[in-house]
Amino acid sequence: MYPEIDPVYDSDDTDVEETNTIGNIPLEFYDECPHIGYDINGKKIMRPAKGAALDALLDSIEVPRGWTGMTDRNTGGDLMLTQEELEMVRRIQMGEVPVDGYDPYAPMVEYFTSKTEVMPLSAAPEPKRRFIPSKHEAKRVMKIVKAIREGRIVPNKPKQEEPQFYDIWADDAPPRPDHIMNIPAPKLPPPTHDESYNPPEEYLPTEVEKKAWEELDPEDRDKDYLPRKHSALRLVPGYDGFVKERFERCLDLYLAPRVRRNKLNIDPESLLPKLPSPQELKPFPTTTATVYRGHEGKVRTISIDSSGVWLATGGDDGTVRIWEILTGREVWKVKLGEDESVNTVKWRPGREAGILAAAAGDDVYLIIPPIFDHETEAASKELLSVGWGYAEVVKGDPLKKEPPAKWSKPSDKLADAGVAAIVTVRVLVKHIAWHRRGDYFATVSPEGQNRAVAIHQLSKHQSQSPFRKSKGIIQRVEFHPFRPVLFVATQRYIRTYDLAKQELAKTLQPGSRWISSFDVHSGGDNLIVGSYDKRLLWHDLDLSTKPYRTLRYHQKAIRSVKYHQGGLPLFCSASDDGTVQVFHGKVFGDLMENALIVPLKVLRGHAVKQALGVLDVEWHPKECWLFSAGADGTARLWN
Amino acid sequence: MAKIKKKGVSGNAKNFITRTQAVRKLQVSLPDFRRLCIFKGIYPREPRNKKKANKGSTHSTTFYYTKDIQYLLHEPVLQKFRDHKAFAKKLQKALGRGDFSDAKRLETTQKPVVRLEHIVKERYPTFTDALRDLDDALSMIHLFASLPTNENLPPATVANCARLAKEWAHYVIRTGALRKSFLSIKGIYYQAEVGGGQEVLWLVPYAFAQNVPVDVDFRIMHTFVEFYTTLVGFVLFRLYAIEGLVYPPRLDKDTDENAGGLGAFKIESRGVAGLLTAGDEEKRGEEAGKKDVSKQMTTLGAKIASLSNEDPTATAITEPEQEEGTLREDLTIDTFTLAASSSDMLPQPTLPQTTSASATLFSNTTFYLSRETPREPLEFLLRSFGCKRIGWDGVLGAGAYTEDPSDTSVTHQIVDRPPTFPSPAAEDDSAPSASATTTVGRFPGRIYVQPQYVWDCINAGRLLPPGEYAPGALLPPHLSPWVKPGEGYDPIATLPDVEHSEEEEGVEGSDNGMQEDLVSGSESEPIPTPSTTAAPIEDESSEEEDDDYQRELAAEVAGAKPPAPSEQDKKKQKKKSKAKMSRQQREEEDQKEMKKIMMSRRKRKLYEKMLYSNARKEGEVEELKRKRRRLDGGRGKGKKERRGGEEV
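What counts, and where the lines are drawn
Residues numbered from 1 in each chain as written. Chains lettered and ligands numbered in written order. Predicted model: local features only at pLDDT ≥ 70, side-chain atom pairs only at ≥ 80, totals over all residues. Heavy atoms only, no water. Helix = DSSP H or I, 4+ residues; strand = E, 2+ residues; numbered from the N terminus. Buried < 20%, exposed > 50% of the residue type's maximum accessible area, 1.4 Å probe, protein only. Contact = heavy atoms within 4.5 Å. Pairing = 2+ DSSP bridges. Axes fitted to C-alpha atoms, helices over the stretch in contact; angles between N-to-C directions. Phe/Tyr/Trp six-rings, centres within 6.5 Å; stacked < 30°, edge-to-face > 60°. Lys NZ or Arg CZ within 6 Å of the ring centre and 35° of its normal. UniProt positions renumbered as here; feature names shortened; annotations may be inferred. Buried area = accessible area lost by both parts, 1.4 Å probe. Salt bridge = Lys/Arg side-chain N within 4 Å of Asp/Glu carboxyl O. Core = buried A, V, L, I, M, F, W, Y, C linked by side-chain atoms within 4.5 Å. Domains from an automatic or database assignment.

## What about the overall build of chain A?
What chain A contains, in helices and strands, is seven helices and 33 strands. Evaluated residue by residue, chain A yields a buried proportion of 41% over its 639 residues. Taking all contacts inside chain A whose residues are at least 6 apart in sequence as the whole, residues at least 24 apart take part in 49%.

## Notes on the sheet that holds strand β5 (residues 198-205) of chain B
In a beta sheet, neighbouring strands are held together by backbone hydrogen bonds and run either parallel or antiparallel to one another. All names here are of chain B. The three strands are arranged β3-β4-β5 in an open sheet whose pairing can be described as antiparallel. The open sheet terminates on both sides in strands that have one partner only, identified here as β3 (178-183) and β5. The average angle at which neighbouring strand axes cross in this sheet is 15°, direction not considered. Alignment of strand β4 (residues 187-194) against β5, held across eight bridges, turns out to be antiparallel.

## Some remarks on the packing of aromatic side chains
The description of two aromatic rings rests on the distance between their centres and on the angle between their planes. Counting across every chain of the model gives 36 aromatic pairs over all chains. Measuring from ring centre to ring centre gives 5.4 Å for Y166 of chain A and F234 of chain B, while their planes differ by 85°; the resulting arrangement is edge-to-face. With Y166 of chain A in the loop between α3 (135-150) and α4 (207-215) and F234 of chain B in helix α12 (residues 218-242), this pair bridges two chains. By relative accessible area, Y166 of chain A is classed as partly exposed at 31%. Relative to Y247 of chain B, the ring of Y240 of chain B lies with its centre 5.2 Å away and its plane at 65°, an arrangement referred to as edge-to-face. Members of the aromatic cluster, joined through ring pairs, are F165 and Y166 of chain A together with W168, Y171, Y190, W202, F234, F237, Y240, Y247 and F380 of chain B. Across the ring face of W213 of chain A, the terminal group of R221 of chain A is positioned such that the distance to the ring centre comes to 3.8 Å. The ring of W388 of chain A carries the charged tip of K409 of chain A above its face, separated from the ring centre by 5.2 Å.

## Structural notes on the UniProt feature "repeat: WD" (unreviewed entry) in chain A
Under the feature "repeat: WD" (unreviewed entry), the UniProt entry names residues 292-333 and 614-639 of chain A. Summarising residues 614-639 of chain A: 0% helix, 62% strand, and an end-to-end C-alpha distance of 17 Å.

## A short note on unusual backbone geometry
Looking along the chain, the bond that leaves K282 of chain A and enters P283 of chain A is cis, with omega of 5°. Checked against the element boundaries, P283 of chain A lands in the loop between α5 (242-255) and β5 (288-293). Cis geometry marks the peptide bond from Y247 of chain B to P248 of chain B, where omega comes out at -5°. Its place among the elements puts P248 of chain B in the loop between α12 and β6 (250-251). Phi angles above zero are rare outside glycine, and Q449 of chain A is one such case at about 55°. Note on placement: Q449 of chain A falls in the loop between β16 (440-444) and β17 (453-457). Positive phi, normally seen in glycine, also occurs at Q27 of chain B, with a value near 55°. Within the secondary structure, Q27 of chain B is located in the loop between α2 (19-26) and α3 (30-40).

## Brief notes about the interface of chain A and chain B
Taken together, the contacts link 95 residues of chain A with 109 residues of chain B. Around 9100 Å² of area is buried between chain A and chain B when both sides are counted, 63% of it from carbon and sulfur atoms. For chain A, the biggest contributors to the area lost against chain B are W169, E202 and Y254 of chain A; these three give 10% of the whole. Summed over the shared surface of chain A and chain B, the result is 13 salt bridges. Linking R238 of chain B and D172 of chain A is a salt bridge whose minimum nitrogen-to-oxygen distance equals 3.2 Å.

## Some thoughts on the nonpolar core
Residues and elements named next belong to chain B. Counting residues in hydrophobic clusters, the biggest one holds 119 residues, and the most contacted among them are F33, F144, W168, W202, L231, F362 and V454. For this core, the leading source of residues is α12, giving 15 residues. No fewer than three residues from each of domain 1 (117-266) and domain 3 (357-422 + 436-469) sit in this core. In this structure, W168 is in contact with L134, L138, H142, V194, V200, W202, L236 and L239, ignoring residues within four places of it in sequence.

## Here's the deal with the pairing of strand β24 (residues 526-531) of chain A
Residues and elements named next belong to chain A. The buried fraction of β24 is high, at six of six residues. The pairing of strand β23 (residues 515-520) with β24 spans five bridges and is antiparallel. For V520, the partnering residue across the bridge sits in β24 and is L527. Between β23 and β24, which pair antiparallel and follow one another directly, the connecting turn spans five residues, one of which, G524, has a positive phi of 85°. Sheet topology places β24 next to strand β25 (residues 535-540); five bridges connect them, and they run antiparallel.

## Considering the pattern of salt bridges
Within this structure, the stated rule accounts for 54 salt bridges over all chains. Two residues, E46 of chain B and K50 of chain B, come together in a salt bridge whose shortest N-O distance is 4.0 Å. On the basis of relative accessible area, E46 of chain B is assigned to the partly exposed category, the value being 37%. The salt bridge partner of R174 of chain B is E243 of chain B, with a shortest N-O separation of 3.9 Å. With R174 of chain B in helix α11 (residues 155-175) and E243 of chain B in the loop between α12 and β6, this residue pair connects regions lying 69 residues apart in the sequence. Of the residues examined, E243 of chain B reaches a relative accessible area of 30% and is grouped as partly exposed. It is possible to trace a salt-bridge network through shared partners that takes in E87, R90, R91, E96 and D100 of chain A.

Encoded structure:
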C-alpha cells in the first residue's frame, strides 16, 4: 500500500522506490548471480546480504511483525505486510470493497446538469461583419430597382384578366361518334296531367288512395306527390320537396350507376309462335257428347274395343262396366272384387274375339262379356280354353322355376257372369298391355320388384317374368306397334328391349322426376311421356335419347297420355287439374323434318275430387272421339 | 388446345375499378374526388359480372370505368386541387403568424382559380350536345336564383344564378323560342326550342321561400351549380353571338333596384354604340299608347314614313327585333283598333300556325296585370309570345308599359282575386265584355281573365274564348301539354256510353267483377247439349240487364241508394257476365293460352311480364275512367256537354 501523496506543485519523487525491471522472469534464474535484476536505469540491484544461521534461528523463534515468509521481487528481501495491508487482503478474499469506509450507495452528485445555461459559454464579442450591410444583397436589390425603373418589373401588377366567357364551340368540331361506354344521363320525364295545379277531378286521389300513399315508404311510392286541385293560381302554395327533388336528381346524376337497358317496344302478341290455326286442323274433339254415369267412386280406367262400339270402364267400386258408346247406356256389368278397385281394363286387340282383361287387386280377370254375337263369343271361349290342357302338361316339370302367375278357373258365380279365366300374379297389378296379335299380354305390378313385369300367353296359359333384376320401380310397359320391342318405363327412364335378341336396345332419358304414363306413336318412332311433375315430353327415337320437346302447361300432375292410333295426327294428355289437352301432333315421313305440335283444345268438364281430375284417356280406334275417365265418377265422350 | 386465359387481366376485371381504388389511384380526398366526378360527369357503372369486376368478392361496391379514372390522372383541375391544398397551408401559416398583410397578398396573387371551360368543351364537343344537357342546368339555376344565402351558399352564387336566369329569359323572348308552359303543383314548367330544334324543358319554382331540408348536402348542389353556371354562361355567349348580341348584357343598376325584372338588362347589338334596349322599347310603347286612339288610325304608309323620319340614322343598324316589332305592330294595327271598338272580341283571326306565328300570339293585345298576379312568369310568357305592351300595378315593380289601371289601350286584364260582385260566372259565360261594363270596379272595353288563360292559350297555340276564364269562374282543368292524345287516358275525350251498366256494377256491387269473370271462364262449362243453344239464354239475360239498369237509374234519380245486391242478384250478375264473354272471345283467349304452351320458358316469362305491365297501365286508365263516370254521374247528365265544348 502506498502512502497518500499530496499532489502539490513542488512535490518531489525522491522517495520513489527502486523497482526491479526483470518482469515475469522467475527470480530463481538469478540465484547464481550477485544481483537480482536491474533497476529503471539499468543498474544492477544487488542481493541483500543474508544473515547468519543464528539470525535465521532467531527469526524462526520470534516472528517479526508483518512477516509473510515471501520474498520481495523488487528488493530480494523479505516481503513484509502491514496490518492495514493484511486487512485489505482479507477484504479482497471476502469479495468486499478493499478500502475501508467506502459507500457504494452514496447519492449521485450531478456534475453536468440537464439544465441549460442562459448565458453562452462563449463570451466572444460579435464580429464586425454582422453590423455592416451586405454588399451582395445591395447588388441584388439594385438589380431589381433598376428593373423597376426600366419598367421590366411592374410591382402589384393585376392578373391578366381572361375573358370569363367566349365561344368555345367556335371551331365547329364535328360530332364525335358515340362511344359504347358513354351513357348520357336520361332526361326527366315531362309532367303529366296529374301534376297540374288544376287537374281534371278524376286524377284526385280518394281517401283510401291518399292513406295508402302516405303509409308507403317514400322510397316505394311510384310518384313523389299527391295530385291536388286549387281553384285559383293565387292559392297554390310553394312545393315542399323542391330542393329535395333537385338534390336527388343531382345524386342520381353522379352516384347512380348507369346501365343501358333494351326496352322492348313490341306488341306482346308478336312473341307468340306462329302456329296453324286449330280451325285448319279439324277434326278434333271439342265438346262433351255423352256422359257415362253409373260408377260409384272414381272411374280408374277406360278401354274401347277394336270395333269401336263398346266401351269398358273399371272403377273404385270394383265393377267393370260396358257401355254403348253413342247412347251412353250401360250394357253390362260385373263386380270383380268386394273391396278392391279395378285398376285397369283392356280389350284384347282384334275383331275376331271379344275378350276383356281386367285387373283388380292381384288378379287379372279374362272376361268374355255376353254382348257379342254367338260366333264371336264362341271364338273367344275357344281362345281362352285352349290353354288349359297345355298348362296341365307343363306343370309336372320340377326343374322349372315357379311361374310368376297362376292360371285358374273362376268360381261358378264369376263364370256365370262371364269371367273365363283368372290369372293370379300375387302382387297388385296396375297396368295391362296387350301385344298387337292378342296372344300375349303384359302386366305391371310396380311393387313386384324383379317380378314387376310379367308376360302372359293366352294360348298356353303360361306366364313368365322377363327380367331377373329390378331396375327401379316400373310404371308402365308397352309393346311396339309392329316390331318385337318392349318399352319399359321406370320412374325416370324408359328402356327399350329387343324381344327377339333378348337385350336392352336403348335407354331414353326424359328428364322428368316421375313418369306417370307413356304412349308409342303408331309409326313406332315417336313417344310421348307424361309425368307427375306436370310435364309432357315428346321423344323422337331417331333423334336422341333426350326429349325433342318438353311442354309444361298443366297445373297438376299428368295422369295419362295417348296417341290416336287410327291414323289421325292427334294426341292428348289428361291431368289432375281436371282438363284434357288435345294436340295436333303430325309426324312426317321425311326424317329431316321434326314433328309438328299444335295445341288444339282444352277439354274442361271433369270435376276435381280429392285433388284428382281425369285419370285415364283413350282414343276411339277410328274416329276423332276421345274418352276420358274422371275421379268424379263419370266417363265422358268428347267429339 | 386454346391458350389458357389468365384470370383478372382482361374484361370485367380490367374495365372496372372500385371507388376506393380510384380514390387511392388519384391520391385525392373523397370530397375532392366527388367534385371531380361532378365536374367531369363521371358516373358509376354496373358491370355485367360484379364478381369478376371485384376480384371474386361479391360485396356491394361502386364501380367506375377504369378509363374514366385514368383520364382523370391528367386532369388540370386535379392539379388545381393540389395547388389549392398547398395554398391553403400557406395561408393558414400566414394567418397563424398574424401576418395579415402577407395573407392578403397570398390571397390576391396566389390563390388558384379553377376554370372549367375545358371540361365544358370536353363533355360537350358540339354546341348541340351542350343544348341537349341544358334541362338540369336551367332548373338548378332557377332554383338557386331563389334560394336564401347562408354560409354554404355565398351571395355571389345566388346573384350569378339570378343573372343567368334573366339572360336566358331574354334570349328566349328575343328569339321567340318558347313553345309550351305548364302550371304544376311543383312550379312552372317551360319548354323552349333552341339552336335548331333542341327542346329544353326547365322547371321554375313558385316565388316562395324554399324549404331546405337538413339532409340536403349543399356542397354537392353547389358543385353542380358551379359547373352549370359555367356551362350556361358559355351556351348563352354562343346563343347571343348567333343573334348578334353582346354578351354579357349590361345591367342597369337603378332599374334592378326598383325591381325592374327583365327590363334591368340592356341588350346591345355587336359593334353598335348606343342602342335601343328593352327599357327603351317599353317607353316607346308607352308613348304610343298615350297617343290618342284616333292617331293610331292613321294609314299604314304614313306610319312607316314617320317612323323612318324619326331616326333616319338608325334604320341601317337598328336592332332587327325592334324593327320587326314595330312593323308587326303596324301591320296588325287596324285589326287591333277595330277589335277594340267592337264589343265582341272572341273571333280573332289568327295567323297561320307556324313556329314564327306562335311568337305573335299576343302581339296585338295589351295586357294589364293586377297586383295579385305573379308578374315574372306572366311577363316572360307574354313577351315570349309577342306581347309588347304589358302594364302592371306599381307594387309589382318598375318597367311597366303603364301603371295606370284605367288605361284605355288595355285589352286584357289578368286578375286572380275572388269576385266582389254578385254572380259573375252566370253572365260571363255568354258575354264577358258586356257584363264587364255593368259591374263595379271594372273598366269597359277590356277582357278580364284569370292567369291560367295565358297558359292555356299558349299551349293551344291560339287565343281561346275567354268566357271560361272569367274571374271567379270555375276554371277548366289545366292539362299538361306533353301528354300526347291517344296515350293512355285522355281526359278531354268523351267517354263512350257503352259498358256503362257494367261500370256501375263495378262501382256499386262487389269490386271483384273482373275476378268473377275469370273464375267463371275457367270453371267447368255446362255441357252444351245439341238441342240447347246459348243464344236464347243470352237474350234473356240482356233483357234482364236492361231492366236492372233502368231500375238503378230510377233509384239514382230519386236520390235513394241503390238496393244492396241480394244473393239472387249476384247470381244473376254472374250469369250475365258469363254470357257476355262471348264464345268467340273465350276461344281466342283459349288459343292464346294454348300458344303459350309452345313458347320457350324465357319468351313466356317476357310475354307474361309485358302483359302484366300493359294490364297495369290499362288498369290505371280504367280506374280514371271509372272515377270520371262516377263524377259525371254525380254531376248529372247536363254537365257532360262541358267537356264536349272544350274540344271545339
